[in-house]
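Read off the chains here:
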Amino acid sequence: MNFLEERILKDGIVKEGNVLKVDSFLNHQMDISLFNEMGKEWKKRFEGKPINKILTIEASGIGIACVAAQHFNVPVVFAKKSKSINIEGDMYVAEVESFTHKNVNQVIVSKKFLSPDDHILIIDDFLANGCALQGLISIIHDANATVEGIGIAIEKGFQVGGRAIRNLGYQLESLAIVESMDASTGHVEFRQQ
Ligand code: 5GP
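I will try to describe carefully the structure that is included in this document.

This next bit is on the nonpolar core. In terms of nonpolar packing, the biggest core is built from 32 residues, with Leu-4, Leu-20, Leu-26, Met-38, Trp-42, Ile-54 and Ile-154 touching the most fellow members. Those elements that place two or more of their residues in this core are helix 1 (3-11), helix 2 (32-45), helix 3 (60-72), strand 7 (119-127), strand 8 (146-156), strand 9 (172-181) and strand 10 (188-190). Examining the composition of this core, we find that six residues originate from one element, helix 3, more than from any other. Here Ile-54 is in contact with Ala-65, Ala-68, Ala-69, Phe-72, Val-74, Pro-75, Val-76, Val-77, Leu-121 and Ile-123, once residues within four sequence places are set aside. One finds Tyr-92, Val-109, Leu-136 and Ile-165 within the second-largest nonpolar core, a separate group that totals 26 residues.

Shown next as structure tokens:
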């Protein structure tokens, strides 16, 4: 069992509706030493890839991406959630359905910050149905930039996102893959990696 799996067993709480609550260390209070270990691990797993930028999505991805970026020595761009209907032409736009809030957000990235020269590592906290990732990938494609890989902290392997993204041929590195979880017992099982 790795360091993140151990932490999930210690401090994660399984909620109804396939939601794993990790707000004491990952996405509300943040354990920066843990983020640092995660960054180190992604650096190892993406060794040799010409990554020059990290892309994430607000809000929970930002802290994780920033700590990871110190291992890659690259800037971080985050896609902003926007309610505005009149998006100006200088933005890349994608629609993302939120798994936790069940609404659709437009996410935007300024055209200033993505170019065809960019080789991008996408980082996010969770992978569930893959909507957030699909949105980020479509923005990268619109910019004619390259997806070098995807680093996820916690993948819920029983939801469809991971398989869909791997079938598209991307190198997806999830540090913990939850195979099953049960809100009534609190039991969490991980996929062997
Ligand atoms: P997806 O777009 O893959 O369906 O969902 C990914 C996004 O939903 C993540 O960025 C994360 O913010 C949120 N999310 C999905 N599942 C969970 C979960 O079990 N717990 C928490 N805390 N967030 C989740």
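Structure's up, so let's keep going.
Right, let's get into helix 2. Taking 1.5 Å as the rise per residue, helix 2 with 14 residues should run 20 Å; its terminal C-alpha atoms sit 20 Å apart, in good agreement. Contacts from the buried residues of helix 2 go to helix 1, helix 3, strand 7, strand 8 and strand 9. A distance of 3.1 Å separates the backbone nitrogen of Ser-33 from a side-chain oxygen at the start of helix 2, and that oxygen is part of Asp-31.

Right, let's talk about the site of the ligand for a bit. Taken together, 16 residues lie near the ligand, and Leu-20, Ala-128, Gly-130, Ala-132 and Lys-156 sit nearest. Asp-125 places a polar side-chain atom, nitrogen or oxygen, 3.1 Å from an oxygen atom of the ligand. For the ligand, an oxygen atom lies 2.8 Å from a polar atom in the backbone of Asn-129. Its free accessible area being 510 Å², the ligand has 89% of it covered by the protein chains. Of the pockets mapped on this structure, the ligand occupies the largest pocket. When residues of the shell around the ligand are traced back to their parent elements, those giving at least two are strand 2 (19-21), strand 7 and helix 4 (131-142). In terms of residues, the shell around the ligand owes the most to one element, strand 7, which gives four residues.

As a further point, take the packing of aromatic side chains. Taken as a whole and assessed by the stated rule, the structure comprises zero aromatic pairs. Residue placement shows Lys-102 over the ring face of Phe-99; its charged tip is 4.3 Å from the ring centre. In this arrangement the basic side chain of Lys-111 is found over the ring face of Tyr-92, its NZ or CZ atom lying 5.5 Å from the centre.

Okay, the packing of helix 2 against helix 3 next. With their axes 8 Å apart at the nearest point, helix 2 and helix 3 run at an angle of 50° to one another. Classed by the angle they form, the pair helix 2 and helix 3 counts as oblique. In the packing of helix 2 onto helix 3, the handedness of the crossing is right-handed. Facing helix 2, whose interface residues are Ile-32, Phe-35, Asn-36, Met-38, Gly-39, Lys-40, Trp-42 and Lys-43, helix 3 presents Gly-63, Ile-64, Val-67, Ala-68, His-71 and Phe-72. The class makeup of the residues in the contact of helix 2 with helix 3 is eight nonpolar, four polar and two charged.

With that settled, consider the pairing of strand 7. The two faces of a sheet get side chains in turn, since along a regular strand they alternate between them. Strand 7 sits mainly inside the fold: eight of its nine residues count as buried. When strand 3 (residues 53-57) meets strand 7, the two strands line up parallel, connected through three bridges. From the neighbouring strand, Lys-53 faces strand 7, where its bridge partner is Ile-120. Pairing of strand 7 with strand 8, which is carried by eight bridges, proceeds in the parallel orientation. Each bridged residue has a counterpart across the sheet, and for Ile-123 the counterpart in strand 8 is Gly-151. In this fold, the crossover linking strand 7 to strand 8 by way of helix 4 has right-handed handedness.

What counts, and at which threshold
Residues numbered from 1 in each chain as written. Predicted model: local features only at pLDDT ≥ 70, side-chain atom pairs only at ≥ 80, totals over all residues. Heavy atoms only, no water. Core = buried A, V, L, I, M, F, W, Y, C linked by side-chain atoms within 4.5 Å. Buried < 20%, exposed > 50% of the residue type's maximum accessible area, 1.4 Å probe, protein only. Helix = DSSP H or I, 4+ residues; strand = E, 2+ residues; numbered from the N terminus. Contact = heavy atoms within 4.5 Å. Expected span 1.5 Å × (residues − 1). Polar contact = N/O pair within 3.5 Å; in protein donor to acceptor, adjacent residues only side chain to side chain. Near = heavy atom within 4 Å. Areas by Shrake-Rupley, 256 points an atom, 1.4 Å probe, with all protein chains shown as cover. 1 Å grid on protein atoms, 1.4 Å probe; cavity = no way out; pocket = protein on both sides within 12 Å on 5 of 7 lines; lining within 4 Å. Sits in = over half its atoms within 2 Å of the grid points. Phe/Tyr/Trp six-rings, centres within 6.5 Å; stacked < 30°, edge-to-face > 60°. Lys NZ or Arg CZ within 6 Å of the ring centre and 35° of its normal. Axes fitted to C-alpha atoms, helices over the stretch in contact; angles between N-to-C directions. Parallel < 35°, antiparallel > 145°, perpendicular 65-115°, else oblique. Left-handed = near helix turned anticlockwise from the far one by under 90°. Nonpolar A, V, L, I, M, F, W, Y, C, P; charged D, E, K, R; others polar. Pairing = 2+ DSSP bridges. Right-handed = clockwise from strand over helix to strand, strands pointing away.

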